[in-house]
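# Summary of the model geometry
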Amino acid sequence: MSLVVQKFGGTSVGDVDKIKNVARRVVESKKRIDHVVVVVSALGDTTDNLVGLAAQISKTPPEREMDMLLSTGEQVSMALLAMALDELGQDAISMTGQQVEILTDTGHTKAKIRHIGADRVVQELRKGRVVIVAGFQGVTSEGEITTLGRGGSDTTAVALAAALHADCCEIYTDVDGVFTADPRVVPQARKLDEVSYMEMLEMAATGARVLQSRSVEYGRNYSVPLHVRSSFHEGEGTWVKSEDDIMEKAIISAVTHDFSESKVTVVGVPDRPGIAARLFGALAEANVNVDMIIQNVSERARTDISFTVATDDLEKVRKVAGDISEAVGAEGVNLDDDVAKISLIGAGMRSHPGIAAGMFQTLADKDINIEMISTSPIKISCVVRRSDGARAVQTLHDYFNLSE
Ligand code: ADP
Ligand code: ASP
Ligand code: MG
């Protein structure tokens, strides 16, 4: 029995005509595949618009209510797609995260999936129906609705594919696949035929929006092959799979950028044990993910601690870091949302020295100042001024010949 989970992103279900298009595509798939599960995002810019409405009311809306609001978007698209399938004579049923039993923790607005029941999905599939699942949403064991963080429909899809032991998970989107850089920033970026889970994970974590990073983790942990492809034509996209199955191993696979992070500096922190633990403990408590961290060399028994967080969390950080700064006698907190994080990703870095030096020199030649650096075995990230971001990506893409 073949089973495929297909996820259609916001632009793919942007209006009624596009929804009808998706329905036709699903019907075509159903002729080839025994069981088709479809995960949908909200229509077009719906989620952004809902975020905008909330922002007009509060800078820090209660996160539970944010989830009540944001989860409505996907319910609209799932029902409309079910109607469109019905219209084409294909039996279909739409289901919310709660109906599917997508159980999450209580981390409102970026909840993590704990368990997927999916019994009802299986029952409905056995009746020959296409099951349409609202992406991005889940439910806690207390019955509270949660959402999985921006781009979370990807994770709904891959997690469902894992739970249902699907043959693969197809991510239909508005680009032809995964590229060597965001094609909107680097027009000559090249589509990758395949990329390893590990590299894709680093790409997603450093801003390549095309897949939410947690979805890639699911893919890797449960060995679900992912096929990222265009929702507008039939062409092959990019396969994300295990490194052992990758034919062509490039030294550098991609340059990514992230304009959605901000830099925070706690200035003049007394240099004594336990302060970093206290600061980052409090941020974790407030459900804030911290990305890069740098602590400067101590002078006069005081030091600066800089770190990056999602700009969406900046108001929370202002409060939490402000309180800790005062409590430990630091000199204050600077928030800077005018930065960009630029990253170079490639499994071949492990065995090729000099990549970091090449990256730093390329940026220096363009007079782009590096404010923070972090590395992993297959990634180098630099924080630069936001206004230098696009130029940095373009320059690095050229320098490492990624179009070829
Ligand atoms: P969807 O609504 O289908 O989930 P997203 O907007 O979340 O789509 O993700 C697709 C977008 O990701 C593309 O339009 C593209 O601009 C962006 N993107 C960023 N980096 C990359 C990359 N390396 N390869 C492909 N797309 C990328
Ligand atoms: N609609 C949600 C968002 O815009 C989830 C998704 O599209 O994946 O982030
Ligand atoms: Mg997305």
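Here, every reference points to the structure presented above.
Here's a quick rundown of the structure. Position numbers for residues count from 1 along each chain, tracking the sequence in the order it is written. Whichever chain is written first becomes A and whichever ligand is written first becomes 1, with later ones labelled in order. Per-residue local features of the predicted model are confined to residues with pLDDT of at least 70, and side-chain atom pairs are confined, for both listing and counting, to 80 or more; whole-chain, interface and lining totals are unaffected and use all residues. Hydrogen atoms and water are omitted, and side-chain values are computed over all heavy atoms in the structure.

We count a stretch as a helix when DSSP gives it H or I for four or more residues in a row; a strand needs E for two or more, and each element gets its number in order from the N terminus. Along the chain, the regular secondary structure elements total twelve helices and 20 strands. C-alpha atoms of the chain, sized along the principal axes, occupy 75 × 50 × 35 Å. The rule is simple: take the accessible area with a 1.4 Å probe, protein chains only, and divide by the maximum for that residue type; under 20% is buried, over 50% is exposed, in between is partly exposed. For the chain, the residues scored as buried account for 53% of the 404 residues in total. Contact between two residues is taken to exist if any of their heavy atoms lie within 4.5 Å; hydrogens are not considered. Look at the contacts in the chain between residues 6 or more apart in sequence, and 75% of them connect residues 24 or more apart. Put simply, the chain shows about 18200 Å² of open surface, and 49% of that area lies on carbon and sulfur atoms. Where accessible areas are quoted, they stem from the Shrake-Rupley method and a 1.4 Å probe; at the residue level, only the protein chains shown are allowed to cover.

One finds Val 5, Val 37, Val 121, Cys 169 and Met 200 to be the most contacted residues of the largest nonpolar core, which totals 69 residues. No other element matches helix 6 (residues 153–163), which puts six residues into this core. In this structure Met 200 touches Val 178, Val 195, Val 210, Leu 211, Val 216 and Val 240, once residues within four positions along its chain are discounted. Residues enter a nonpolar core if they are buried and are Ala, Val, Leu, Ile, Met, Phe, Trp, Tyr or Cys, with the set joined through side-chain atoms within 4.5 Å.

Note on definitions. A residue lies near a molecule or strand when any single heavy atom of the residue is within 4 Å of it. Taken together, 18 residues are adjacent to ligand 1, and Thr 173, Asp 174, Phe 179, Asp 182 and Arg 184 come closest. Here a polar contact means two N or O atoms within 3.5 Å. Within protein one must be a hydrogen donor candidate and the other an acceptor candidate, and residues neighboring in sequence count only if both atoms are side-chain atoms. Measuring from an oxygen atom of ligand 1, one finds a side-chain N or O atom of Asp 174 at 2.9 Å. Arg 184 is positioned such that a nitrogen or oxygen atom in its side chain is 2.6 Å from an oxygen atom of ligand 1. In isolation ligand 1 exposes 570 Å². Once the protein is present, 91% of that is buried. Any residue outside Ala, Val, Leu, Ile, Met, Phe, Trp, Tyr, Cys, Pro, Asp, Glu, Lys and Arg is labelled polar, Gly included; the first ten of those are nonpolar and the last four are charged. Broken down by class, the residue content of the shell around ligand 1 amounts to eight nonpolar, five polar and five charged.

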